[in-house]
Amino acid sequence: MRAQVLQARRKVTPEAQEREAAALAAHLAGIAAPGRTVCAYVPIGSEPGSLAMLDELLARGARVLLPVARHDGAGVPTPLRWGEYRPGRLVDAQFGLREPAAPWLTADAVAEADVVLVPALAVDRCGVRLGRGAGFYDRSLGRADTAALLVAVVRDEEVVDRVPGEAHDVRMTHALTPGCGLVALRESQ
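Residues numbered from 1 in each chain as written. Predicted model: local features only at pLDDT ≥ 70, side-chain atom pairs only at ≥ 80, totals over all residues. Heavy atoms only, no water.

Note on strand geometry: in a regular strand, side chains alternate between the two faces of the sheet. The buried fraction of strand 9 (residues 149-153) amounts to four of the five residues, a majority that puts the element mostly inside the structure. Two strands pair when backbone bridges link them, and strand 6 (residues 115-119) and strand 9 are joined in this way by five bridges, in the parallel orientation. Bridge pairing in strand 9 links Val115 to Leu149. (Buried < 20%, exposed > 50% of the residue type's maximum accessible area, 1.4 Å probe, protein only. Helix = DSSP H or I, 4+ residues; strand = E, 2+ residues; numbered from the N terminus. Pairing = 2+ DSSP bridges.)

Here three strands make up an open sheet; going across it, the order is 8-7-10 and the pairing mixed. The open sheet is flanked by strand 8 (129-130) and strand 10 (159-160), the only strands paired with a single partner. One ladder, built from two bridges, connects strand 7 (residues 122-124) with strand 8; its direction is antiparallel. Paired with Val123 across the bridge in strand 8 is Arg129.

This next bit is on the UniProt feature "binding site: substrate" (unreviewed entry) in the protein chain. Within the UniProt annotation, "binding site: substrate" (unreviewed entry) is assigned to Val42 and Glu47. Along the chain, Val42 falls in the loop between strand 1 (37-39) and helix 3 (51-59). Leaving out residues up to four positions away in the same chain, Val42 has contacts with Glu47, Leu51, Leu54, Leu66, Leu90 and Arg98. Assignment of secondary structure puts Glu47 in the loop between strand 1 and helix 3. With a relative accessible area of 12%, Glu47 lands in the buried category. With residues up to four places along the chain from it excluded, the contact list for Glu47 reads Arg9, Tyr41, Val42, Pro119 and Arg132. Within the structure, Glu47 has its side chain in polar contact with the backbone nitrogen of Ile44 (distance 3.0 Å). (UniProt positions renumbered as here; feature names shortened; annotations may be inferred. Contact = heavy atoms within 4.5 Å. Polar contact = N/O pair within 3.5 Å; in protein donor to acceptor, adjacent residues only side chain to side chain.)

Within the largest apolar cluster, 46 residues are counted, with the highest numbers of intra-cluster contacts made by Leu57 and Leu117. Looking at this core, the elements with two or more residues in it are helix 2 (14-26), strand 1, helix 3, strand 2 (63-68), strand 6, helix 4 (136-140), strand 9 and strand 11 (174-177). Setting aside anything within four residues of it in sequence, one finds Leu57 in contact with Leu28, Ala32, Val38, Ala40, Ala62, Val64 and Leu117. Core analysis: the second largest hydrophobic core is formed by seven residues, Val5, Ala122, Val128 and Leu130 among them. (Core = buried A, V, L, I, M, F, W, Y, C linked by side-chain atoms within 4.5 Å.)

As structure tokens, this is what we get:
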């Protein structure tokens, strides 16, 4: 399934990606508000979103935290740390990522978030998210406040009927798509 989604994303033109990113940014009115904390991400490659989306969150008065991905000494992904987003101050990081420069907050900073925007390859209608498989978010989202919105950011056709899941998967409460905006996902069956 990962390979299929990635192959489909590679076929999306840069113009279509820009239109979708603009649509995603336009849907943030219901998510971002002054005083709210939003954990977000810097998209890479064909991931939905843009830096403009992060700037829109800031413009709406939200505090924006971005993930910092690292491995422990044995090469196992650790829970994400977080850094404040400051436009123009991102640095190159591992895995082709862009992230905030140090100092960083601890992994528990995700508990301060009202909304967590999560990159995904697909999400099903019960909230099971298909990520890239490293497990950074699965190790991190359990620390989020139980009232926080956990939002998989995907293209419209990446909200599907079923994604294979595992017991450790943290379910998303919502999906954010360019065409549909914020979509509530059902509780697990």
